[in-house]
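What the coordinates show
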Amino acid sequence: MAAEILFVDDDKLILRFSQDLFESVGVSILTARNADEALELFKEHEIAVVVSDNQMPGMTGLEFLSKLRAISPDTVKVLISAYVDLPTALAAINTSEVFRYIVKPWKNEEILEVVKEGLRRYRMVHTMRREDESVLRSLAQTIELKDPNTKGHCDRVAVYALMIADAMRLPKETQRQIKYGSWLHDCGKIGVSEFILNGPNELSDDEFETMKMHTHWGADLAEKAHLSEVARNIIQYHHEKYDGTGYPVGLAGEQIPLETRIVSIADIYDALTMDRPYRKGYPHSEARRMIRELSGEALDPEVVKIFLDIVPDGPLPSSEELLPRNDLVAAEKEATISSMTDPALSD
């Protein structure tokens with residue numbers, strides 16, 4: 001389920017108490033005994049709010065929440081400590097972007113209110129992001145208008161890439177950025193002449209050199225739009241090849257970012273199955289065979305194996321179905337907590 005609440009504490013009694021408290025108001029939570037367990041949960045779930053103890057064996061809560069800045073930057077972070085520690089509180093705010101700092105033992109109404117506020121904050125971020133998403137998707141669709149033969153290509157690439165990323169258990173935030181990069185991987189084509197994009201024949205050498213520039217132009221657009229590094233990598237390097245013979249740089253193997261290796265497979269597979277002015281699209285069975293033949297040459301063999309295991313024969317889901325409306329899920333949980341009567345909020 002999306003927009004989950006996660007409590008992290010090495011004390012089993014505190015985790016059990018937290019579960020009982022939230023279940024009493026109709027909301028289920030996830031729990032983890034340490035930071036490593038919690039990080040594994042981030043591979044499977046979209047965590048809206050995480051409440052973490054600070055003093056735990058291994059990684060401290062502060063160190064754990066600092067890691068989340070890269071892994072799941074939208075997750076609202078709450079740090080709990082057994083005593084007031086001003087340096088820790090300041091570090092939590094400054095290095096981990098902690099939303100609240102709570103001292104044990106907390107009051108029931110306090111922790112419920114903090115989580116409810118965290119859900120509201122998370123929901124606002126995702127609501128604003130959906131407005132950004134509509135702009136990004138509209139841009140991708142505008143670019144596709146220059147080449148009518150590619151209608152729907154960007155979204156299908158996103159779907160295939162998200163299926164691979166999910167099978168590889170990449171963090172949900174990384175998957176979201178892969179979706180954006182997939183939508184916009186060809187955004188540099190906005191600078192390519194429609195005569196080249198829509199020509200009835202295969203490209204001449206000069207035309208191909210012009211077409212290759214779309215990776216540079218796209219990377220420049222992505223930088224000016226302040227897109228994430230994941231999205232920028234996809235836009236700039238999606239024509240690199242595993243054996244080092246691609247462009248624009250000639251990266252090889254794991255020099256090519258993982259997100260790019262994923263999207264490259266999705267891009268090539270969908271391109272093979274599309275009709276072009278100079279050829280008909282290949283049947284899916286033939287396209288899969290061709291992808292297998294490209295393994296180890298143009299494409300990462302490990303990612304190819306995963307793709308061939310999960311690619312469907314039937315209709316594709318939409319990219320929205322693969323990454324659901326987490327703002328709505330968060331709003332529902334926030335409303336559930338708010339709707340409880342006073343006795344449920346008492347100590």
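Just so you know, these numbers come straight off a predicted model, no measurement behind them.

**Points about the nonpolar core**
In this structure, Phe7, Phe22, Val51, Ile111, Val115 and Ile337 are the most contacted members of the largest nonpolar core, which totals 26 residues. Where this core is concerned, the elements lending two or more residues are strand 1 (4-8), helix 1 (12-23), strand 3 (47-53), strand 4 (76-81) and helix 5 (108-145). Among the elements that take part in this core, helix 5 stands out by supplying 6 residues, more than any other. Setting aside residues up to four positions removed in sequence, Phe22 forms contacts with Phe7, Val27, Ile29, Ile111, Leu112, Val115 and Ile337. With 25 residues, the next largest nonpolar core counts Ala165, Ile178, Ile234 and Leu299 among its residues.

**Things to note about the packing of aromatic side chains**
Centre distance and the angle of the planes are the two values used to describe a pair of aromatic rings. Tallying each qualifying case throughout the model produces 8 aromatic pairs. The interplanar angle of 90° and the centroid separation of 5.2 Å between the aromatic rings of Tyr160 and Tyr269 together place this pair among those described as edge-to-face. Residue Tyr160 is located in helix 6 (residues 153-167), and its partner Tyr269 is located in helix 12 (residues 258-273); the two are separated by 109 residues in the primary sequence. Per residue, the accessibility class of Tyr160 equals that of Tyr269, and both read buried.

**Observations concerning the packing of helix 6 against helix 12**
In contact at an axis separation of 8 Å, helix 6 and helix 12 are set at 135° when each is read in the N-to-C sense. The angle between the axes of helix 6 and helix 12 places the two elements in the oblique class. Seen from above, helix 6 lies across helix 12 with right-handed handedness. Listed contacts from helix 12 to His153, Arg156, Val157, Tyr160, Ala161, Ile164 and Ala165 of helix 6 are Ile262, Val263, Ile265, Ala266, Asp267, Tyr269, Asp270 and Ala271. For the contact of helix 6 with helix 12, the class distribution of residues is 11 nonpolar, 1 polar and 3 charged.

**Section: helix 12**
For helix 12, built from 16 residues, the straight-helix expectation of 22 Å at 1.5 Å per residue is met to within 8% by its first-to-last C-alpha distance of 23 Å. For helix 12, the buried fraction is high: 13 of the 16 residues fall into the buried class.

**Observations regarding a nonpolar patch on the surface**
A cluster of nonpolar side chains, contributed by Leu139, Ile190 and Leu221, occupies part of the molecular surface with about 230 Å² of accessible area. Assignment of secondary structure puts Leu139 in helix 5.

**Let's talk about the sheet that holds strand 2 (residues 30-32)**
Read from one edge of the open sheet, 5 strands run 2-1-3-4-5, paired in parallel fashion. Pairing within the sheet leaves two strands with one partner each, and these edge strands are strand 2 and strand 5 (100-103). On average, adjacent strands in this sheet sit at an angle of 20° to one another, irrespective of strand direction. Inspection of the sheet shows strand 1 paired to strand 2 by 3 bridges, in the parallel sense. Opposite Val8, over in strand 2, you have Ala32 as the bridge partner.

**A closer look at the side chain of Lys116**
For Lys116, the position within the fold is in helix 5. In this structure, Lys116 is in contact with Glu334, Ile337 and Ser338, ignoring residues within four places of it in sequence.

**Details of the pairing of strand 4**
With respect to burial, strand 4 is a largely interior element, 6 of its 6 residues being buried. Side-chain alternation along strand 4 places Val76, Val78 and Ile80 on one buried face and Lys77, Leu79 and Ser81 on a second face that is also buried. Here 5 bridges tie strand 3 to strand 4, and the two strands are oriented parallel to one another. Bridge pairing links Val49 to Val76 in strand 4. For the crossover from strand 3 across helix 3 (residues 61-71) to strand 4, the handedness is right-handed. Where strand 4 and strand 5 come together, 4 bridges link them in parallel fashion. Considered in strand 5, the bridge of Leu79 is made with Tyr101.

Calculation notes
Residues numbered from 1 in each chain as written. Predicted model: local features only at pLDDT ≥ 70, side-chain atom pairs only at ≥ 80, totals over all residues. Heavy atoms only, no water. Core = buried A, V, L, I, M, F, W, Y, C linked by side-chain atoms within 4.5 Å. Buried < 20%, exposed > 50% of the residue type's maximum accessible area, 1.4 Å probe, protein only. Helix = DSSP H or I, 4+ residues; strand = E, 2+ residues; numbered from the N terminus. Contact = heavy atoms within 4.5 Å. Phe/Tyr/Trp six-rings, centres within 6.5 Å; stacked < 30°, edge-to-face > 60°. Axes fitted to C-alpha atoms, helices over the stretch in contact; angles between N-to-C directions. Parallel < 35°, antiparallel > 145°, perpendicular 65-115°, else oblique. Left-handed = near helix turned anticlockwise from the far one by under 90°. Nonpolar A, V, L, I, M, F, W, Y, C, P; charged D, E, K, R; others polar. Expected span 1.5 Å × (residues − 1). Patch = residues over 30% accessible without salt bridge, like charges linked within 9 Å, V, L, I, M, F, W, Y side chains within 5 Å. Areas by Shrake-Rupley, 256 points an atom, 1.4 Å probe, with all protein chains shown as cover. Salt bridge = Lys/Arg side-chain N within 4 Å of Asp/Glu carboxyl O. Pairing = 2+ DSSP bridges. Right-handed = clockwise from strand over helix to strand, strands pointing away.

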